[in-house]
Amino acid sequence: MKSDAPLLLLPQVEAGPVARLPTPHGEFELQTWTDPSAGVEHLAIRKGNLQDAEGVLARVHSECLTGDLLGSLRCDCGPQLQLALQRIAEAGRGVIVYMRGHEGRGIGLAQKLRAYALQDEGLDTVDANLALGHPVDARRYEAAGAILKALGVRSIRLMSNNPLKLLALREQGIEVLERELHAAGAHPENAGYLATKRERLGHLLGD
């Protein structure tokens, strides 16, 4: 389904080197993509031939050092990343666009830790960001759209629980055939976090 909304001006992302990436889920290709306008290097983790491909299994994953690298139970980010790798490996084709600079919904690592402290005092993730003077969600997805287009992907099946992410990609001219439920990592430590995503941010978690 293509959007009739005016297309956003996409940044001119620059392709970087490609390397083989063996993982517990199988072998992928890893490539950097630089957004010179923001001074950020993003990553594409891909498998199979994507050029002119339709219905590509895709995830746009926001960087989360605490969840992706340290296995934090405060969020569901790490399990979602691993599930995306697993699903792409099983499908034999797909791509994860790993968005750097998205830490804490775009507020940065230090501010994210300050937000954690406020959450431990009783605020939810939305109110913690607002209390620190930040938007609820400062992330932008223009670079993700530019990377998908540069890879030659014609249409995608988006692994995401966030309807706003789907809308953002469609506004950039990315044809999203469907949004596929991508729930993983539910745990007593992140029950409040997941409830806030569902009740205040409109995430569709399948429950």
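Source: prediction; values computed, not measured. (Residues numbered from 1 in each chain as written. Predicted model: local features only at pLDDT ≥ 70, side-chain atom pairs only at ≥ 80, totals over all residues. Heavy atoms only, no water.)

Before going further, it helps to examine the pairing of strand E5 (residues 94-99). A regular strand places its side chains on the two faces of the sheet in alternate fashion. Among the 6 residues in E5, 6 count as buried, and that is most of the element. Neither face of E5 is exposed, since Gly 94, Ile 96 and Tyr 98 on one face and Val 95, Val 97 and Met 99 on the opposite face are all buried. Taken together, the 5 bridges between strand E4 (residues 56-62) and E5 define a ladder with parallel strand orientation. Counted as the bridge partner of Val 60 is Val 97 from E5. (Buried < 20%, exposed > 50% of the residue type's maximum accessible area, 1.4 Å probe, protein only. Helix = DSSP H or I, 4+ residues; strand = E, 2+ residues; numbered from the N terminus. Pairing = 2+ DSSP bridges.)

Any aromatic ring pair is given by two values, namely how distant the centres are and how the planes are angled relative to each other. A full pass over the atoms with the stated rule returns 0 aromatic pairs. In this structure, Lys 47 is placed above the aromatic ring of Phe 28, and the distance from its NZ or CZ to the ring centre is 5.5 Å. Its guanidinium or amino end placed over the ring of Tyr 116, Arg 74 lies 4.1 Å from that ring's centre, counting from NZ or CZ. (Phe/Tyr/Trp six-rings, centres within 6.5 Å; stacked < 30°, edge-to-face > 60°. Lys NZ or Arg CZ within 6 Å of the ring centre and 35° of its normal.)

All right, on to the pattern of salt bridges then. Taken as a whole and judged by the stated rule, the model has 15 salt bridges. Two residues, Asp 120 and Arg 74, come together in a salt bridge whose shortest N-O distance is 3.1 Å. Residue Asp 120 is found in helix H4 (residues 109-120), and its partner Arg 74 is found in the loop between helix H1 (65-69) and helix H2 (77-91); the two are separated by 46 residues along the sequence. Close ionic contact of Asp 76 with Lys 197 constitutes a salt bridge, the shortest N to O distance being 3.1 Å. Highlighted residues: Asp 76 in the loop between H1 and H2 and Lys 197 in helix H8 (residues 191-199), separated in sequence by 121 residues. Overall, the relative accessible area of 1% leaves Asp 76 in the buried class. The buried category is assigned to Lys 197, whose relative accessible area is 5%. Overlapping salt bridges bring together Arg 87, Arg 157, Glu 178 and Glu 180 as one network. (Salt bridge = Lys/Arg side-chain N within 4 Å of Asp/Glu carboxyl O.)

What follows is about helix H6 (residues 142-150). Of all the 9 residues making up H6, 7 are buried; the element is thus mostly covered by neighbouring parts of the structure. In the core, the buried residues of H6 are packed alongside strand E2 (26-35), strand E3 (40-47), E4, E5, strand E6 (155-159) and helix H7 (163-171). Once H6 finishes, Gly 152 follows within two positions and takes phi at roughly 85 degrees, a positive value. (Contact = heavy atoms within 4.5 Å.)

Before going further, it helps to examine a nonpolar patch on the surface. A grouping of Leu 65, Leu 69, Leu 70, Leu 109 and Leu 113 is seen on the molecular surface, where their side chains present a nonpolar patch of about 480 Å² in accessible area. Contributions of two or more residues to the nonpolar patch are made by H1 and H4. For Leu 69, the position within the fold is in helix H1. (Patch = residues over 30% accessible without salt bridge, like charges linked within 9 Å, V, L, I, M, F, W, Y side chains within 5 Å. Areas by Shrake-Rupley, 256 points an atom, 1.4 Å probe, with all protein chains shown as cover.)

Among the structural elements, Ile 45 can be located in strand E3. You can call Ile 45 buried: its relative accessible area is 9%. With 53 residues separating them in the primary sequence, Ile 45 and Tyr 98 have C-alpha atoms 7.5 Å apart. With near-sequence residues (within four places) excluded, Ile 45 lies in contact with Leu 21, Phe 28, Glu 29, Leu 30, Leu 85, Gly 94, Val 95 and Ile 96.

Before going further, it helps to spend a moment on the nonpolar core. Grouped together as the largest cluster of nonpolar side chains are 27 residues, with contacts concentrated most on Val 95, Val 97, Leu 151, Ile 156 and Leu 169. Sort the elements by how many residues they give to this core and H6 lands first, with 5 residues. In this structure, Val 95 is in contact with Ala 44, Ile 45, Arg 46, Leu 50, Val 56, Leu 57, Ala 58, Arg 59, Ile 88, Leu 148 and Leu 151, ignoring residues within four places of it in sequence. Core analysis: the second largest hydrophobic core is formed by 10 residues, Ile 45, Ala 84, Ile 96 and Met 159 among them. (Core = buried A, V, L, I, M, F, W, Y, C linked by side-chain atoms within 4.5 Å.)

Another aspect to go through is the confidence of the model for the chain. With 95% of its residues at a pLDDT of 70 or more, the chain shows a mean pLDDT of 92. Scored below 50 in pLDDT, residues 1-7 makes 11 contacts in the model with residues more than four places away or belonging to other chains. (pLDDT = per-residue confidence, 0-100.)

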